[in-house]
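Structural overview
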Amino acid sequence: MDLQEVAEYVWKNSITIEFGESEEWDSTTFTKPWFESENINRLDNVAGLYWFSIEGISIEEIKGLSKPQDLPKNGANFSEIAKETERIFGKNIKEDKCENELIIYNGQADKVINRIRSHFALDNDGTGALALSKYKLSNYKFRVRIFNIKLLDDDENIKDKEVVLKKKFIKSLLNEQVGREAIEMAWRIKYGWPILCKK
């Protein structure tokens with residue numbers, strides 16, 4: 001199993017959570033009470049990968065977004081990043097190759113739920129993140145896809161040795177930052193570079 005096969009496996013086996021499609025952002029999004037109120041079994045806060053997407057918005061519209069006045073110092077300036085990403089990657093931007101949505105960002109973390117929450121509700125100047133809730137985009141349908149190491153924990157029920165070995169390989173990658181970064185980059189090579197990823 002090579003890295004692009006791993007990237008495809010984690011993408012196809014990720015869990016999808018929808019949010020947005022409201023007049024205003026729900027400030028509790030991706031907190032324990034939010035997961036409970038949305039009737040979503042909260043995923044374990046362990047090592048994994050994640051993808052943010054939006055339905056019904058174009059790259060041109062993202063490039064035209066104004067920087068929020070209350071954006072923290074390390075919050076993402078969507079317009080600036082999108083223009084720079086398009087300049088660098090051109091046709092290799094991730095646009096509509098998967099599903100009917102624009103994948104705007106993918107990443108990895110040792111505590112994936114905490115990282116997703118930071119990307120949604122950045123409230124400090126110390127962490128770099130999207131700061132989605134600072135943008136007036138709550139009326140759009142957003143999705144976050146999550147794949148974490150716990151999604152590989154059913155090995156004892158699998159009889160196929162090859163499948164077990166593949167899952168062990170994926171686990172070994174997810175356990176290390178360099179392994180997660182390798183999967184993150186392999187996904188971008190296979191599917192395209194998300195418009196709001198700087199590096």
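A brief structural summary. Here the residue numbering is sequential within each chain, running from 1 through the sequence in written order. Side-chain atom pairs in this predicted model are given and counted only at pLDDT of 80 or more, local residue features only at pLDDT of at least 70, and totals for whole chains, interfaces and linings cover all residues. Side-chain measures were taken over the full set of non-hydrogen atoms in the model, leaving aside hydrogen atoms and water.

In this description, a pair of aromatic rings is defined by centroid distance and the angle of the planes. Each Phe, Tyr or Trp ring (for Trp, its six-membered ring) is paired with any other whose centre lies within 6.5 Å, and the angle between the two planes then decides the class: stacked below 30 degrees, edge-to-face above 60, tilted in between. Under the criterion given, the structure shown has 21 aromatic pairs. An angle of 75 degrees between the planes, with centres 5.3 Å apart, marks the rings of Trp 34 and Phe 35 as edge-to-face. Phe 35 shares its class with Trp 34; the two are buried. Measuring from centroid to centroid gives 6.3 Å for Tyr 50 and Tyr 105, while their planes differ by 20 degrees, and the two rings are stacked. With Tyr 50 in strand β2 (residues 48-55) and Tyr 105 in strand β3 (residues 102-109), this pair connects stretches of sequence that are 55 residues apart. Across the pair, exposure class does not vary: Tyr 50 and Tyr 105 are buried alike. For every residue, the accessible area (1.4 Å probe, protein chains only) is compared with the maximum for its type, and the residue is labelled buried under 20%, exposed over 50%, or partly exposed between those bounds. Each helix is a run of DSSP H or I of at least 4 residues and each strand a run of E of at least 2, with the numbering of both proceeding from the N terminus.

Attention now moves to the nonpolar core. Counting residues in hydrophobic clusters, the biggest one holds 43 residues, and the most contacted among them are Phe 19, Phe 30, Phe 52, Ile 104 and Leu 196. If you list the elements that add at least two residues to this core, you get β1 (15-20), α2 (32-37), β2, α3 (59-63), α4 (78-89), β3, α5 (112-120) and β4 (141-148). Contact partners of Ile 104, with chain neighbours within four places excluded, come to Phe 52, Ser 53, Ile 54, Ile 62, Leu 132, Pro 194, Ile 195, Leu 196 and Cys 197. Within this scheme, the nonpolar core is defined by two criteria: the residues are buried Ala, Val, Leu, Ile, Met, Phe, Trp, Tyr or Cys, and they are joined through side-chain atoms within 4.5 Å. By the convention used here, residues are in contact when the closest approach between their heavy atoms is within 4.5 Å.

What follows covers the pairing of β3. Where a strand is regular, its side chains alternate between the two sheet faces. With eight of eight residues buried, β3 is to be regarded as a mostly interior element. The pairing criterion for strands is at least two bridges between them, as found by DSSP. Pairing of β2 with β3 involves seven bridges; the strand directions are antiparallel. Each residue of the ladder has a partner; that of Trp 51, found in β3, is Asn 106.

Before going further, it helps to spend a moment on the pairing of β2. Across the eight residues of β2, seven count as buried, placing the element largely inside the fold. Of the pairings in the sheet, the one linking β2 to β4 comprises eight bridges and is antiparallel in character. Its bridge partner lying in β4, Gly 48 is registered against Asn 148.

Phi is positive for Glu 21, close to 50 degrees, though the residue is something other than glycine. Inspection of the secondary structure puts Glu 21 in the loop between β1 and α2. The backbone of Phe 30 shows a phi angle near 70 degrees, a positive value even though the residue is not glycine. Within the secondary structure layout, Phe 30 lies in the loop between β1 and α2. Taking the relative accessible area as the measure of exposure, Phe 30 reaches 2% and is therefore buried.

Salt bridge, as used here: a side-chain nitrogen of Lys or Arg that lies within 4 Å of a carboxyl oxygen of Asp or Glu. If you walk through the whole model with that rule in mind, you get 13 salt bridges. Lys 12 is the partner of Glu 8 in a salt bridge, and the nearest nitrogen-oxygen pair spans 2.7 Å. Of this pair, Glu 8 and Lys 12 both sit in helix α1 (residues 3-12), four residues apart, roughly one helical turn. Residue Lys 12 is classed as exposed on the basis of its relative accessible area of 57%.

Right, let's talk about helix α7 (residues 177-191) for a bit. The span you would expect from a helix comes to 1.5 Å times its residue count less one. Taking 1.5 Å of rise per residue, 15 residues should cover 21 Å, and α7 covers 21 Å from first to last C-alpha, within 8% of that figure. Within α7 the residues assigned to the buried category are Gly 179, Arg 180, Ile 183, Glu 184, Ala 186, Trp 187, Arg 188 and Tyr 191. Those residues of α7 hidden inside the fold are in contact with α1, β2, β3 and α6 (161-174). Just downstream of α7, Gly 192 is the residue with a positive phi angle, here 120 degrees.

Below, the discussion takes up the packing of α1 against α6. Every angle, taken between N-to-C directions, lies between 0 and 180 degrees, and every axis is a line fitted to C-alpha atoms, over only the stretch in contact when it is a helix. Viewed as axis vectors pointing N to C, α1 and α6 meet at an angle of 90 degrees, and their least axial separation amounts to 11 Å. One finds that α1 runs roughly perpendicular with respect to α6. Here Leu 3, Val 6, Tyr 9 and Val 10 of α1 come into contact with α6, specifically with Lys 167, Phe 169, Ile 170 and Leu 173. Under this grouping Gly is polar, as are all residues other than the nonpolar Ala, Val, Leu, Ile, Met, Phe, Trp, Tyr, Cys and Pro and the charged Asp, Glu, Lys and Arg. Here the contact of α1 with α6 is built from residues that sort into seven nonpolar, no polar and one charged. For classification purposes, an angle smaller than 35 degrees is called roughly parallel, one larger than 145 roughly antiparallel, one from 65 to 115 roughly perpendicular, and anything else oblique.

That is the geometry; function is a separate question.
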